[in-house]
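In case you want the letters, here they are:
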Amino acid sequence: MELLLKINEIKSGKGTGAKWLWPVILIAAVLFFGVRVATDSSGTYVQNLFSGISLGSILILVSLGLAIVYGLAGIINMAHGEFLMIGAYTTYSVQVFFTNVLHVQSTNWFFIAALPVSFIVAGLAGLLLERLIIRHLYAKPLESLLATWGVSLILIQTARSLFGDLTAVKLPEMLAGGWRVNENLVLPYNRLFIIALTIVVLIALYRTLTATRLGMQIRAVTQNRSMSACLGINTKRIDAMTFFIGSGLAGLAGCAMTLIGNVVPDMGQTYIVDAFLTVVIGGVGKLLGTITAGLGIGIFSKVLEAFFEAVYGKVLILLLIMLFMQFKPRGIFPDKGRAAAD
């Protein structure tokens, strides 16, 4: 009975263990892997850690747009993964245009051009979705979930009809090869680029949300929509702009994904579940929470896969997430004050 009371205290955040439980677990995990890396002569653990950071960077890119859209409108956008797919196919289309129309043989130029183009095309697709469907389903979570799920199926079949079941984007020449740290450790340039791209996107998004008029309006509508409308903010315009940014970020993630995998119609389905887990664990609408959760899921996934098979590693990750949500149901960085009560 005393044990059950103690667990309830920790779950509710009232016990003394609640404050220190997760920092202690994190420090223990860091020390464990630090010792492993320090005593690793083959570079295996460093390679796994690097792969985990790379996977975490991809999850962060995919989840950023989902986090700000869900935090603003409370819409469960099941079609978010398909905006990643749109970004990937946009990159493929830019490659075809540069090769067959402009006759540019260098693979560097098409990828440089594809980065902003994939953001814009996916953003416009998200804007169109918001204007035609989402706008009529605010405050209707079940209807929005079913509607966006249907849109995702339509987008997948449309991509399959237009491009087939499997296409590939050529790796840019500047990202071929890797950085040889030692004779046993090589860090691929394409994954280093994904990590660098994620850092640049995070800085740009943070500056947009904190230092621009649009960002302040987005944060105001996220915190209190009715009060923002009373103060003269056009909430419908903010909704549309947020969907554009969120979908564009997913398209940018899709462009980055072409560096490490093939382009298939249902590629967005691979990451949508992990993206939702990242958003929920980090705390809905919390930028720092999304970063922390994305890196945590990515690193722990790769580390556990090194000790177990990939399937069992995934099961263990899900079990750890279930355990974590029992103690922190509002995520790592929950809302506080009046917003949390609502």
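Everything discussed here concerns the structure shown above.
What you are looking at is a predicted structure, and each value in this text was computed from that prediction instead of being measured. (Residues numbered from 1 in each chain as written. Predicted model: local features only at pLDDT ≥ 70, side-chain atom pairs only at ≥ 80, totals over all residues. Heavy atoms only, no water.)

(A) Seen up close, the pairing of strand 1 (residues 178-182). Across four bridges, strand 1 lies against strand 2 (residues 185-188) in antiparallel orientation. The residue of strand 2 that forms the bridge with tryptophan 179 is leucine 187. Adjacent in sequence and paired antiparallel, strand 1 and strand 2 are bridged by two residues. (Pairing = 2+ DSSP bridges. Helix = DSSP H or I, 4+ residues; strand = E, 2+ residues; numbered from the N terminus.)

(B) Quick look at the packing of helix 4 (residues 80-101) against helix 5 (residues 107-132). Between helix 4 and helix 5, whose axes approach to 8 Å, the crossing angle comes to 140°. One finds that helix 4 runs oblique with respect to helix 5. Crossing geometry of helix 4 relative to helix 5 is assigned as right-handed. Judged by residue contacts, Phe83, Ile86, Gly87, Thr90, Thr91, Val94, Gln95 and Phe98 of helix 4 engage Trp109, Phe110, Phe111, Ala113, Ala114, Val117, Ser118, Val121, Ala122, Ala125, Gly126 and Leu129 from helix 5. Within the contact of helix 4 with helix 5, the residues separate by chemical class into 14 nonpolar, six polar and no charged. (Axes fitted to C-alpha atoms, helices over the stretch in contact; angles between N-to-C directions. Parallel < 35°, antiparallel > 145°, perpendicular 65-115°, else oblique. Left-handed = near helix turned anticlockwise from the far one by under 90°. Contact = heavy atoms within 4.5 Å. Nonpolar A, V, L, I, M, F, W, Y, C, P; charged D, E, K, R; others polar.)

(C) Representation of the side chain of threonine 198 in the model. Relative to the assigned elements, threonine 198 resides in helix 7 (residues 189-211). In this structure threonine 198 comes out as buried when scored by relative accessible area, which is 3%. A distance of 3.4 Å separates a polar side-chain atom of threonine 198 from the backbone oxygen of serine 57. For threonine 198, the contacting residues outside a window of four places in its chain are Ser57, Ile60 and Leu61. (Buried < 20%, exposed > 50% of the residue type's maximum accessible area, 1.4 Å probe, protein only. Polar contact = N/O pair within 3.5 Å; in protein donor to acceptor, adjacent residues only side chain to side chain.)

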